[in-house]
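What follows is the residue order along each chain.
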Amino acid sequence: MEHVVAVLFALGFPAATAPSYSSRRAAILAGDRELKKTEYRQTIAWLSAMGVASVLFFIATGRDLALLGVVWPNSLRGAASVGLAAAGSALLWIQVRAVRTDAATRAAAREALRDVREYFPSGSEERHLFRGVSFAAGIGEELFYRGFLFWYFAEWLPLWAIVVVTSLLFGLAHIMHGTKAMARSTWMGFVLAGLYVLGESLVAPMILHVAVDLTSGETGASAFGDDPPVTI
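What comes next is a walk through the structure. All values derive from a computational prediction rather than experimental measurement.

Quick word on helix H1 (residues 2–29)
Line of reasoning, step 1. Taking 1.5 Å as the rise per residue, H1 with 28 residues should run 40 Å; its terminal C-alpha atoms sit 38 Å apart, in good agreement.
Line of reasoning, step 2. Residue Gly12 marks the point of greatest curvature in H1, where the axis turns by about 45°; the proline Pro14 follows within four residues.
Line of reasoning, step 3. Of all the residues in H1, the buried ones are Val5, Ala6, Phe9, Ala10, Phe13, Pro14, Thr17, Ala18, Tyr21, Arg24 and Ile28.
Line of reasoning, step 4. Elements that come into contact with the buried residues of H1 comprise helix H2 (33–60), helix H5 (124–153) and helix H6 (159–172).
Line of reasoning, step 5. One or two residues past the end of H1 sits Gly31, with phi positive at roughly 110°.

Below is the structure:
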């Protein structure tokens, strides 16, 4: 059963979503907002299923959820991991404010995110859905990529190789957004894996992952015109 869960989400998710998204991208770029909201809802469903399947597998097989990383980080290393995640999250929100208030930063963000511009929310309903995507990703993907897959590969691979393989698979999950997005996600996979290894808990990577996705949505919405510039 663990092989089914691993293959279904590590390979089945990008195999199913990449062609679907490619066929929708032109229409979303052209302004089909209902289609974009459908994309958000389907993404929430996939990512939530990742997390639920990971937890249910451990419960059904009588395994300790601590092996999945579902444990409070009560050591000094755990506290350090949470502190790093909180600091990183704070810096990301500072960056969001800079995009909203500084024209040069706004222009730089627009250029950096141009290849995935169609995915960012516009309007209150899309922003609510994007927040749902952010939390589904931050919780569901961490349960699967850092929790389940770390446990799954432990039988065959040393820790360093698990970090590499899971980070590459995490990048592959974002192939629908292009090679640049896949490279950025792979790099982020290494950061999140580092937090998991440091704290031996999913709490810190979940905190940072949710923050990364939430702030990317806010940054994108501001960079591509959903928010008017703010003067201070």
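Picking up after the structure, the text goes on.
Some remarks on the side chain of Thr215
Line of reasoning, step 1. Relative to the helices and strands, Thr215 resides in helix H8 (residues 203–223).
Line of reasoning, step 2. On the accessibility criterion, Thr215 (3% relative accessible area) is buried.
Line of reasoning, step 3. Once residues lying within four places of it in the same chain are set aside, the contact partners of Thr215 are Leu92, Trp93 and Val96.

With respect to a nonpolar patch on the surface
Line of reasoning, step 1. There is a patch of nonpolar side chains on the surface, built from Met1, Val4 and Leu8 and spanning about 320 Å² of accessible area.
Line of reasoning, step 2. Mapping Val4 onto the fold places it in helix H1.

Conventions adopted
Residues numbered from 1 in each chain as written. Predicted model: local features only at pLDDT ≥ 70, side-chain atom pairs only at ≥ 80, totals over all residues. Heavy atoms only, no water. Helix = DSSP H or I, 4+ residues; strand = E, 2+ residues; numbered from the N terminus. Expected span 1.5 Å × (residues − 1). Bend = angle between axes of the 7 residues up to and from the residue. Buried < 20%, exposed > 50% of the residue type's maximum accessible area, 1.4 Å probe, protein only. Contact = heavy atoms within 4.5 Å. Patch = residues over 30% accessible without salt bridge, like charges linked within 9 Å, V, L, I, M, F, W, Y side chains within 5 Å. Areas by Shrake-Rupley, 256 points an atom, 1.4 Å probe, with all protein chains shown as cover. Salt bridge = Lys/Arg side-chain N within 4 Å of Asp/Glu carboxyl O.

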